[in-house]
Amino acid sequence: MKVTAFQQLVYEACKRIPKGQVTTYKLLAQAIGCGSAQAVGQALRCNPFAPEVPCHRVIGSDLRIGGFFGERSGAQITRKLTLLASEGVHFTDNVLAEQSALFRF
DNA sequence: ACCGTGACGGCGA
DNA sequence: TTCGCCGCCACGG
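This one's a predicted model, so the numbers in the text were calculated from it and none came from an experiment.

Thresholds applied
Residues numbered from 1 in each chain as written. Chains lettered and ligands numbered in written order. Predicted model: local features only at pLDDT ≥ 70, side-chain atom pairs only at ≥ 80, totals over all residues. Heavy atoms only, no water. Near = heavy atom within 4 Å. Polar contact = N/O pair within 3.5 Å; in protein donor to acceptor, adjacent residues only side chain to side chain. Nonpolar A, V, L, I, M, F, W, Y, C, P; charged D, E, K, R; others polar. Core = buried A, V, L, I, M, F, W, Y, C linked by side-chain atoms within 4.5 Å. Buried < 20%, exposed > 50% of the residue type's maximum accessible area, 1.4 Å probe, protein only. Helix = DSSP H or I, 4+ residues; strand = E, 2+ residues; numbered from the N terminus. Contact = heavy atoms within 4.5 Å. Salt bridge = Lys/Arg side-chain N within 4 Å of Asp/Glu carboxyl O.

(A) Region of interest: the protein's contact with DNA strand C. Taken together, K2, T4, F6, C34, G35, S36, Q38, A39 and Q42 make up all the residues around DNA strand C. Counting only the atoms of DNA strand C that lie within 4 Å of the protein, the sugar and phosphate share comes to 74%. Q38 has a polar side-chain atom sitting 3.1 Å from a base oxygen of DNA strand C. One of the side-chain nitrogen or oxygen atoms of Q42 is found 3.4 Å away from a sugar or linking oxygen of DNA strand C. By residue class, the composition of the surface near DNA strand C is 3 nonpolar, 5 polar and 1 charged.

Following this line, the structure appears as structure tokens:
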């Protein structure tokens, strides 16, 4: 399993997100000095360290759920929602319910 | 080295 | 407000 330096940065950043909070792809990208949120998503899409790296705590800038393991909807998304719910972060219609749960590094 | 793709974002229509 | 187009950056073929 090949892991690029860039991906390491992304995963490191993810681990900094406190439990019970979430951040956005854009914020995460900025945190590691990358100008593309999409690039971050690309790194997470193949996340080799599933729950070890809390990639489920990363959502879109519009506070929408985003995706999970390459799926914009479906069982995986449900799984992501479930994980977040178990951490105290709740969503309504795939949108973050409590903005106060947004972590800003 | 070139090209197409994507868990994204912002703006204009 | 929703939809589409373009810009973004890293990756795989």
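Here the narrative resumes, following the displayed structure.
(B) View of the nonpolar core. By size, the foremost hydrophobic cluster in this structure holds 29 residues, and its most contacted members are V10, L28, V40 and L44. Examining the composition of this core, we find that 4 residues originate from one element, helix α1 (residues 5-15), more than from any other. If we skip the residues at most four places from it in the chain, L44 touches V10, Y11, C14, Y25, C55 and V58.

(C) Just the protein's contact with DNA strand B, in detail. In the region of DNA strand B, 18 residues are neighbours, and Y25, L44, R45, S61 and R72 sit closest. The separation between a base nitrogen of DNA strand B and a polar main-chain atom of G67 is 3.1 Å. Among the elements of the structure, α2 (25-31) and α3 (37-45) are those that each provide at least two residues to the surface near DNA strand B. For the surface near DNA strand B, the class distribution of residues is 6 nonpolar, 8 polar and 4 charged.

(D) How the structure looks around the pattern of salt bridges. As enumerated under the stated definition, the model contains 2 salt bridges in all. The salt bridge involving E12 is made with K15; its shortest N-O contact spans 3.5 Å. Of this pair, E12 and K15 both sit in helix α1, separated by 3 residues, roughly a single helical turn. The exposure class assigned to E12 is partly exposed, which follows from its relative accessible area of 38%. Between E87 and R57 there is a salt bridge whose closest N-O contact spans 2.8 Å. Taken as a pair, E87 in the loop between α4 (75-85) and β3 (91-92) and R57 in the loop between α3 and β2 (58-59) lie far apart in primary sequence, 30 residues in all. The burial state of E87 is the same as that of R57; both residues are buried.

Geometric descriptors of this kind do not, in isolation, establish any biological role.
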